[in-house]
Amino acid sequence: MFTNDDRRQIESRGSSVKNVEEQVERFRKGFPWLDIDSPATPERGILVLDDDKRKAAVDYYDHAAVNGKCKFVPASGAASRMFKDLFSAMEILENGGELPDGSPAVKFADNISRFAFYRKELFQEHEGKGTAGRLAILKKTLTEEGLNYGVKPKGVLDFHRYADGEIRTAIAEHLVEAQKYMRNADDTANLVITVSPEHRQLFESVLSEIKESYEKKYGVKYNISFTYQDKSTDTVAVDVENHPFRTEDDRLLFRPAGHGALIHNLNEIGEELVSIKNIDNVAHQRFLDTTALYKKVLMGKALELRDRIFGYLNELDAVTGMNISTFKPYPYIPGYNAIGYDEAFKSEECQMLCNDIEEFLLDELCISMPYAGDCKLRAMRLREKLDRPIRVCGMVRNQGEPGGGPFIIREKDGSTSLQILESVQINMSDEKCRQALASATHFNPVDIVCCLHNYKGEKFNLTDYVDNDAGFISSKSYQGRELKALELPGLWNGAMSKWNTLFVEVPLETFNPVKVVLDLLRPAHQSE
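Parameters and conventions
Residues numbered from 1 in each chain as written. Predicted model: local features only at pLDDT ≥ 70, side-chain atom pairs only at ≥ 80, totals over all residues. Heavy atoms only, no water. Phe/Tyr/Trp six-rings, centres within 6.5 Å; stacked < 30°, edge-to-face > 60°. Helix = DSSP H or I, 4+ residues; strand = E, 2+ residues; numbered from the N terminus. Buried < 20%, exposed > 50% of the residue type's maximum accessible area, 1.4 Å probe, protein only. Lys NZ or Arg CZ within 6 Å of the ring centre and 35° of its normal. Axes fitted to C-alpha atoms, helices over the stretch in contact; angles between N-to-C directions. Parallel < 35°, antiparallel > 145°, perpendicular 65-115°, else oblique. Left-handed = near helix turned anticlockwise from the far one by under 90°. Contact = heavy atoms within 4.5 Å. Nonpolar A, V, L, I, M, F, W, Y, C, P; charged D, E, K, R; others polar. Pairing = 2+ DSSP bridges. Patch = residues over 30% accessible without salt bridge, like charges linked within 9 Å, V, L, I, M, F, W, Y side chains within 5 Å. Areas by Shrake-Rupley, 256 points an atom, 1.4 Å probe, with all protein chains shown as cover. Salt bridge = Lys/Arg side-chain N within 4 Å of Asp/Glu carboxyl O. Lys, Arg positive; Asp, Glu negative; His and termini not counted. Charge placed at Lys NZ, Arg CZ, Asp CG, Glu CD. Disulfide = S-S within 2.5 Å. Expected span 1.5 Å × (residues − 1). Bend = angle between axes of the 7 residues up to and from the residue.

### Describing the packing of aromatic side chains
Scanning all chains against the criterion turns up 12 aromatic pairs. Relative to Tyr-218, the ring of Tyr-214 has its centre 5.8 Å away and its plane inclined at 85 degrees; by these criteria the two rings are edge-to-face. You can see Tyr-214 and its partner Tyr-218 sitting in helix H9 (residues 200–218), four residues apart, about one turn around the helix. Taking relative accessible area as the criterion, Tyr-214 reaches 4% and is therefore assigned buried. Ring centres 5.7 Å apart and planes at 85 degrees place the aromatic pair Phe-460 and Tyr-465 in the edge-to-face group. This pair shows no difference in class: Phe-460 is buried, exactly as Tyr-465 is. What links up through ring pairs into an aromatic cluster is the set Phe-83, Phe-108, Phe-115, Phe-117 and Tyr-149. Between the NZ or CZ atom of Arg-168 and the centre of the ring of Tyr-162, over which it lies, the distance is 4.4 Å.

What follows is the structure, given as structure tokens:
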């Protein structure tokens, strides 16, 4: 299948021929549909907190011991999709065409002064000048004639303007958020930002202009590091017949495999408590108190969950007399008795503890356990379910926004679990799946808190908890030729599939993404 030149190309990317062969085979086999039990709703699967419980969660966060905190900000994408409509409109105008009234580009140009990146010296002379003026405004925004926003990363674009004249980029707002709710005991705030290598200098330039003044203003010390999506995680593309796609110079075509590749970057973080929030999900500072409140609620619930799980694990160790985490629960061999402690698993104390754990998993995490039929197997399966990374995910009432949704699925081992599914992972030819999607009440705003250390204080190896069957295949094109692309299990989808998961409702005010430039005209991004 591969030539010697192919092999050299593959290996130069840090991958292997075997890995690429497995990717091609995945295109041919496809991915299995997930077995949806039901949508996660406030009735079952999504925790809705009243004022007292929110306050209790915040108090827990404020007083719990934590081995370091970090804000993880995926920010590696360019802003080109944010300006897709404007690029199309610019092409139409350059070719002598006209734009219909009410089109995104017309609305953008006619409201240019309302955007934080408005500059009088660039735009004022073109305002109100009809078609020619609109074309000039588009060019001044998107090209080297002006701001050149069409090729810059979203994180360095000016998002918000303040009454005192301050203008903040998206990444600047993340710094302001970090000091508000991710501050360590020594008044440091740690941020890890995923960027493309070609964009790092732009981020560093923007941060160098504000970091020192923000540290002085907020009494904080920012520790900021950058991380890249490893090229070795890119996946090979194939043609419509599932043969490796070749470019005009007969080279293999590799494509970034989606945000699921970032599980490797997340795995490099040493801190225990990590907050994940996309680069474009920030709001004007008047929303900061609400944002911080609910972030602390999520972190408090994560730490509560952590401590309860750690308690159960320590009890299992004490009751059974050994650390059974070193044992593999599958396959189970009847009569296996490596150390001679089988009787401990049969004890009333152990069985009562297992009853408590099963009830906790079902009531709190929607994990129903299959019948074990053996005392040791039961305890070992419960240990496996407990001893995993933890995530608490904010969920927002569905208002028609794009994004994945929360569901309860049936796992391969017969248990159930809470998962975030994208629409492409749902079998729309299955009536039960369609009904589950239609009954969904919430969607995923990517507002996630993670606990990445186990009950012994050691880091989990996050790649051990990825469901490699939870990726998907998408249709793309290259220079007008159709191809198929392979997406790795998404960071908050299959890459976290085997984590212990809790869904908590958060208000819509905490979700303010900027997917297209006109989103910046929404109230959350405008001064009052």
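### Topic: the packing of helix H8 (residues 170–181) against helix H11 (residues 288–320)
Where H8 contacts H11, the two axes come as close as 10 Å, and the packing angle between them is 55 degrees. Judged on the interaxial angle alone, H11 and H8 are oblique. When you trace H8 past H11, the crossing you get is right-handed. On the side of H8, the interface is formed by Val-176, Glu-177, Gln-179, Lys-180 and Tyr-181, while H11 contributes Leu-288, Asp-289, Thr-291, Ala-292, Lys-295, Lys-296 and Met-299. Broken down by class, the residue content of the contact of H8 with H11 amounts to five nonpolar, two polar and five charged.

### Some points on the pairing of strand E12 (residues 405–410)
Judged by how many residues are buried, E12 sits mostly within the fold: five of six residues are covered. In this structure, strand E1 (residues 35–39) lies alongside E12, joined through four bridges in antiparallel fashion. Paired with Asp-35 across the two strands is Arg-410, which belongs to E12. Both E12 and strand E13 (residues 416–421) contribute to a ladder of six bridges, which runs antiparallel. Opposite Gly-405, over in E13, you have Leu-421 as the bridge partner. Between E12 and E13, which pair antiparallel and follow one another directly, the connecting turn spans five residues, one of which, Gly-414, has a positive phi of 95 degrees.

### Focus on the environment of Leu-518
On the secondary structure map, Leu-518 appears in the segment after strand E18 (500–505). Leu-518 sits 414 residues away from Pro-104 along the chain, and the two C-alpha atoms are 7.4 Å apart. Once residues lying within four places of it in the same chain are set aside, the contact partners of Leu-518 are Pro-104, Lys-107, Phe-108 and Phe-115.

### Topic: the side chain of Asn-281
Along the chain, the position of Asn-281 falls in the loop between strand E10 (273–277) and H11. Asn-281 sits in the buried class, given a relative accessible area of 1%. Apart from the residues within four sequence positions on either side, Asn-281 is in contact with Glu-177, Pro-445, Thr-510, Phe-511, Asn-512 and Pro-513.

### Some details on a negative patch on the surface
Residues Glu-315, Glu-349, Asp-356, Glu-359, Asp-363 and Glu-364 make up a contiguous surface patch of negative charge. With five residues, helix H13 (residues 348–365) is the single largest residue contributor to the negative patch. Here Glu-359 shows up in helix H13. When its relative accessible area of 49% is taken as the criterion, Glu-359 is described as partly exposed.

### Things to note about the environment of Leu-462
Here Leu-462 lies in the loop between strand E15 (447–451) and strand E16 (472–478). Separated by 194 residues in the primary sequence, Leu-462 and Glu-268 place their C-alpha atoms 9.3 Å from one another. In this structure Leu-462 touches Ile-263, Leu-266, Asn-267, Pro-389, Leu-452 and Trp-499, once residues within four positions along its chain are discounted.

### What about the packing of helix H3 (residues 51–63) against H11?
Direction vectors running N to C along H3 and H11 enclose 70 degrees, while the axes themselves pass 7 Å from each other. When the axis of H3 is compared with that of H11, the two are roughly perpendicular. Residues Arg-54, Ala-56, Ala-57, Val-58, Tyr-60, Tyr-61 and Asp-62 of H3 touch H11, and the partners they reach there are Leu-293, Tyr-294, Lys-296, Val-297, Met-299, Gly-300, Lys-301, Leu-303, Glu-304 and Asp-307. Within the contact of H3 with H11, the residues separate by chemical class into 10 nonpolar, one polar and six charged.

### Observations concerning the sheet that holds E1
Strand order across the open sheet formed by three strands is E1-E12-E13, with antiparallel pairing between neighbours. Looking at strand neighbours, the two that pair on one side only are E1 and E13, the edges of this open sheet. Ignoring which end each strand starts from, the neighbouring axes of this sheet average 45 degrees apart. Those strands touched by helix H15 (residues 431–438) are E1 and E12, and its axis lies near 30 degrees from that of E1.

### Remarks on the state of the cysteines
Evaluation of the coordinates by the stated rule reveals zero disulfides. The thiol sulfur of Cys-70 is not disulfide-bonded, and the nearest other cysteine sulfur, from Cys-450, lies at 10 Å. By relative accessible area, Cys-70 is classed as buried at 1%. No disulfide involves Cys-366; its nearest neighbouring cysteine sulfur is the one of Cys-393, lying 13 Å away.

### Concerning the pattern of salt bridges
One pass over the full model with this rule turns up 35 salt bridges. Sharing partners across several salt bridges, the network here consists of Arg-26, Lys-412, Asp-467 and Asp-469.

### Points about H8
Taking 1.5 Å per residue, 12 residues should reach 16 Å; H8 reaches 17 Å between its end C-alpha atoms and fits that length. Residues Ala-170, Ile-171, Ala-172, Glu-173, His-174, Leu-175, Val-176, Glu-177, Ala-178, Gln-179 and Tyr-181 constitute the buried set of H8.

### Some words on H9
Every α-helix carries 3.6 residues per turn, so stepping three or four residues along brings you back to the same face. Over its 19 residues, H9 extends 25 Å from the first C-alpha to the last, a length consistent with the 27 Å expected when each residue adds 1.5 Å. Of all the bends in H9, the greatest, near 35 degrees, is centred on Ile-210. Taken together, the buried positions of H9 are occupied by Phe-203, Val-206, Leu-207, Ile-210, Tyr-214, Glu-215 and Tyr-218. Its buried side turned inward, H9 meets strand E5 (167–169), H8, strand E6 (188–194) and strand E7 (221–227). A positive phi of about 65 degrees marks Gly-219, the residue just after H9.

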